[in-house]
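Residue strings, one per chain:
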Amino acid sequence: MPCKCRDIFYISEKKSEIHFITQINELIIKSSRIFKNLGFKSKKVENIISIEVDNPREFFEENFDYLNTNFHDLEKDEIKIFIENEDNKLTLSSILSTKALNRYLHFIEDRNFFDIIENHSLTAYFQPIIDMQTNKIFAYKTLTRGVLPNGDLMYPDVLFTKSARNDMNFTLDRMCRETALKTTAVKKIDAKVFINFIPTSIYDPEFCLASTVKWAKQLEFDPKNIVFEVVETQNVKDKEHLKTILNYYRKEGFLIALDDVGEGYSSLNMIIDIKPDIIKVDRNIIENIDKDSMKQSIYKALKGICFDNGIKILAEGVETPYELEKVKEIGVDYAQGYYFAKPSAEIIRLI
């Protein structure tokens, strides 16, 4: 299975023909009218309508507003684009690589995101995780930020929203893992680090995870100090594939944490399926747990499962001393949240 984790979308800047391809004749007619309004002469061959431009990227930049306004979302998904030039000829096989018009418009609209990807402008922030037995820092959760040219930050929710709609999760997820490892080494962190990974962004672990493992070894990390945190498990359809990924990590000596336990209906099944070393109880359960008997019951059940099966339990999103006291009363191994510290670029070494 081919790996997409190094794919980076771009629009050619060479003199080209831009082909708009669709099976819907009404869209061919509409595209022809739009090209005419933009001042371009088009030609039609069956279900393809084409124009010649000196620079395809400039064409989409200059006409973004008009194209975005005059085609609605369903049309932008239906119309496929192929840019033909001396380096990229239109053939029966190459036509399979066409991308939706929406993809090209998103590329223009999300230019800041692609600048971050192309320039590898990512950094990692760190939030301490506290060992409740010793009250000392046990580990750090790494959180990725994109750095814009003016120094402003693009936060993970925006990064991954733009990444998903541009089919770039494979590339971004790999870059985030590698950034976390490199920044951890630069900061000389002498503790465990928790690093997110999205299982649906990994095709074949032997290929997609090879660079992550390479960096871990090159930077001389003890594998037991790296905890890969499984996120977005609600999107996992192929559990056997997930197990293959986790078995690869475990074979290399890394630990596995399951994130957001308690958030969705599938959490308990995921605990059974992947048998994590650590579960992170979702903030939705921890918030006001000191006042909510139902949340306390759920947390007690999760604690019981962990205790019986040798799994460590981590309370995520602790924000008040009352929440902390309640999870300590029920039983907790580790805690993380704003009560202790917010994520920061500089390492907090003492709580």
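In what follows, the accompanying structure is described. Only a predicted model underlies this, so the values are computations on that prediction, with no experimental measurement involved.

Describing an aromatic ring pair means giving the distance of the ring centres and the angle of the ring planes. Across all of its chains, the model carries 16 aromatic pairs by this definition. With 5.3 Å between their ring centres and 80° between their planes, F40 and F59 make a pair best called edge-to-face. One end of the pair, F40, is in the loop between α1 (25–38) and β2 (43–45); the other, F59, is in helix α2 (residues 56–62), and 19 residues separate them in sequence. Centre to centre, the rings of F107 and F114 are 4.6 Å apart; their planes meet at 50°, and the pair counts as tilted. Classification of F107 by relative accessible area gives buried; the value is 0%.

A regular strand places its side chains so that they alternate between the two faces of the sheet. Here strand β12 (residues 278–281) shows no split at all, with I278 and K280 on one side and I279 and V281 on the other all buried. When β12 meets strand β13 (residues 312–316), the two strands line up parallel, connected through 4 bridges. Each bridged residue has a counterpart across the sheet, and for V281 the counterpart in β13 is A315.

Turning our attention to the environment of K239. Mapped onto the secondary structure, K239 falls in helix α11 (residues 239–251). You can call K239 partly exposed: its relative accessible area is 32%. Spatially, the C-alpha atom of K239 lies 8.7 Å from that of I274, the residues being 35 residues apart in sequence. Those residues in contact with K239 that lie beyond four places of it in its chain are N269, M270 and D273. Within polar-contact distance, the side chain of K239 engages the side chain of D273 at 2.9 Å.

Here the focus is the nonpolar core. One finds I226, I279 and Y299 to be the most contacted residues of the largest nonpolar core, which totals 53 residues. For this core, the leading source of residues is α11, giving 5 residues. Other than its neighbours up to four places away in sequence, Y299 contacts V281, I285, I286, I289, I313, V327, I330, G331 and V332. Listed in part, the 36 residues of the second largest apolar core include L27, F59, I116 and M168.

Looking now at the pairing of strand β1 (residues 16–21). Where burial is concerned, most of β1 is hidden: 6 out of the 6 residues are buried. Burial along β1 is two-sided: the face carrying S16, I18 and F20 and the face carrying E17, H19 and I21 are both buried. Relative to strand β3 (residues 48–53), β1 runs antiparallel, the two sharing 6 bridges. Bridge pairing in β3 places E17 opposite E52. Inspection of the sheet shows β1 paired to strand β4 (residues 80–84) by 5 bridges, in the antiparallel sense. From the neighbouring strand, F20 faces β4, where its bridge partner is I81.

Thresholds applied
- Residues numbered from 1 in each chain as written.
- Predicted model: local features only at pLDDT ≥ 70, side-chain atom pairs only at ≥ 80, totals over all residues.
- Heavy atoms only, no water.
- Phe/Tyr/Trp six-rings, centres within 6.5 Å; stacked < 30°, edge-to-face > 60°.
- Helix = DSSP H or I, 4+ residues; strand = E, 2+ residues; numbered from the N terminus.
- Buried < 20%, exposed > 50% of the residue type's maximum accessible area, 1.4 Å probe, protein only.
- Pairing = 2+ DSSP bridges.
- Contact = heavy atoms within 4.5 Å.
- Polar contact = N/O pair within 3.5 Å; in protein donor to acceptor, adjacent residues only side chain to side chain.
- Core = buried A, V, L, I, M, F, W, Y, C linked by side-chain atoms within 4.5 Å.

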